[in-house]
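Observations on chain architecture
These are the residues of each chain, in order.
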Amino acid sequence: MKERKMENGLVSVDKWSEKSQAYFLTHLHADHTQGLTSTWSKGPLFCSQLTAHLFPSRFPGFNLSLLTVLDTGLWHSMRLVSPSSGSQTTLQVMPIDAHHCPGAVMFLFRGDFGCLLFTGDFRWEAECESAKTAREMLVDALKDNAVDVLYLDNTYCNPAFEFPPRLVAARQVVDIIDSHPGFDIIIGIDSLGKEDLLVHISDMLETKIWVWPERLQTMHLLGFHDIFTTRTSLTSVRAVPRYSFSIDTLNQLNTMHPTIGIMPSGLPWMVKSTKGNSNKSQLSTGTETGTEKIVRGVERCHEYMYIVPYSDHSCFSEIKEFVELVRPTSMKGIVSSSSSYVEPFYYFGGLCGERPISQNEHENKERDERVIDIQTKSFCGIHNTIQSRSMKPVGVSRVTALRRVSRGSKLAENDSSD
DNA sequence: GCGATCAGTT
DNA sequence: CACAACTGATCGC
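These notes cover the structure that comes with them. (Residues numbered from 1 in each chain as written. Chains lettered and ligands numbered in written order. Predicted model: local features only at pLDDT ≥ 70, side-chain atom pairs only at ≥ 80, totals over all residues. Heavy atoms only, no water.)

**Considering the overall build of chain A**
Note the threshold: Every helix listed is a DSSP run of H or I at least four residues long, and every strand listed is a run of E at least two residues long, numbered separately from the N terminus. Only protein chains enter the area calculation, which uses a 1.4 Å probe; residues under 20% of their type maximum are buried, those over 50% are exposed, and those in between are partly exposed. Every residue pair with non-hydrogen atoms within 4.5 Å of one another is taken to be in contact.
Along chain A, the regular secondary structure elements total eight helices and 20 strands. Counting every position in chain A, which comprises 418 residues, the buried fraction comes to 52%. Long-range pairs, those at least 24 residues apart, make up 68% of the contacts in chain A between residues at least 6 apart in sequence.

The structure is reproduced here in structure tokens:
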């Protein structure tokens, strides 16, 4: 079988350090934008509508003429120049909702190099109605394109990681709050993501939710105008930056007023405290003998702290379903900093390369295609930054230099040759 | 001041 | 212990 690959210097996804002709941003989390700055001038940047809407608040002063919105579910064509041969080539890309955080998309590419799918970070709640559109887009796109390489969000690519859909976890959060009348509630969140959880809480409890000022601005950009507030007097439910609150904080707060903390996280493990031991106990083990409310999967890791399995990344079974659907010829994990990292191929190798090849493969569909001319002229730098970097730190060794570089992907980097 | 990198935090 | 996502210190320019 012919090895598909895309040459370096053509496009980059969530990677900003090297010269490419087009740059693609899957979503606005910091670990996918490191290297991207307000003074960006390396080349055109493509992202979803919502990411573009949020973009100026994250990168004030950014030259917006470099920013182009790509609608989801459509093929967008762009003419690029092969850095090696200098000849023109056409590349097509389709963004598909990734259901990770607001604006997050996957990118499906096709061109001379074949067909590549970058999931970025993604959640694949196949049962849920919200994921239906994305699934249909993907299935439709894959009818005519067999994926040669799948670049996969393998954050929780281990059978040990199982958790329920977010709606289920959101109900668990409400149950916890309900069982603590009179308590103040603190929920740890990041700068983007988990808005649906907060909205659900707000709806169920009929309360506003406090957020910090920058987060309120983000909420407004996302179209939430009534639910969130920065006035503490209006609500006892507060969403705070995850990194700003700990068990020590909770202990402090509890000297003033009864308060519980809720950590929405796909990781079931403890948050550590500097003092005092933490009696980790499962609230529920799945039996239905409970006299008290059964909250499956929730961990009470401390007197005042709960961890709820609310994750914006796919759990193992969702990753598996996704790979079964895509059936790529080969695949690569985009997260390699984890010490428990295992190549997705270890689990899903049997799913690779068995998809029957469609007759229509690589035959372009005219109807939903739009053409974008990007300015290749100004971006065909002769600068070639030759810094060979292996993206694959295998095993558990702590290679500091590689700790944070593994999120982005240069297309076709370190492809195996044969 | 700005950007890149590293150390450390929940 | 772990992760993802983030802050803040430090260094070079």
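**A closer look at the pairing of strand β7 (residues 105-111)**
Short version of the rule: Between any two strands, at least two bridges found by DSSP are needed for them to pair.
Of all the seven residues making up β7, six are buried; the element is thus mostly covered by neighbouring parts of the structure. Pairing of strand β6 (residues 88-97) with β7, which is carried by six bridges, proceeds in the antiparallel orientation. Paired with glutamine 92 across the two strands is arginine 110, which belongs to β7. Bridge count for β7 against strand β8 (residues 114-118) is five bridges, and the pairing is antiparallel. For arginine 110, the partnering residue across the bridge sits in β8 and is cysteine 115. Between β7 and β8, which follow one another and run antiparallel, lie two residues.

**Details of the nonpolar core**
Where we set the bar: The term nonpolar core refers to a set of buried residues drawn from Ala, Val, Leu, Ile, Met, Phe, Trp, Tyr and Cys, joined through side-chain atoms within 4.5 Å.
Membership of the largest hydrophobic core comes to 86 residues, with the highest contact counts inside it found for Ile262 and Phe322. It is helix α3 (residues 166-178) that contributes the most residues to this core, six residues altogether. Phe46, Leu70, Met78 and Val105 belong to the second largest nonpolar core, which has 22 residues in total.

**Section: helix α7 (residues 316-326)**
The cut-off we apply is this: Here the arc refers to the directions that run from the helix axis out to each C-beta atom.
Among all positions of α7, only Phe316, Glu318, Ile319, Phe322, Val323 and Val326 are buried. Taken end-on, α7 shows its buried residues confined to a sector of 160 degrees, consistent with a single buried face. The inward-facing, buried residues of α7 contact β7, β8, α2 (132-142), β9 (149-152), β18 (330-333) and α8 (344-348). Trailing α7 by a residue or two, arginine 327 shows a phi angle of about 45 degrees, which is positive.

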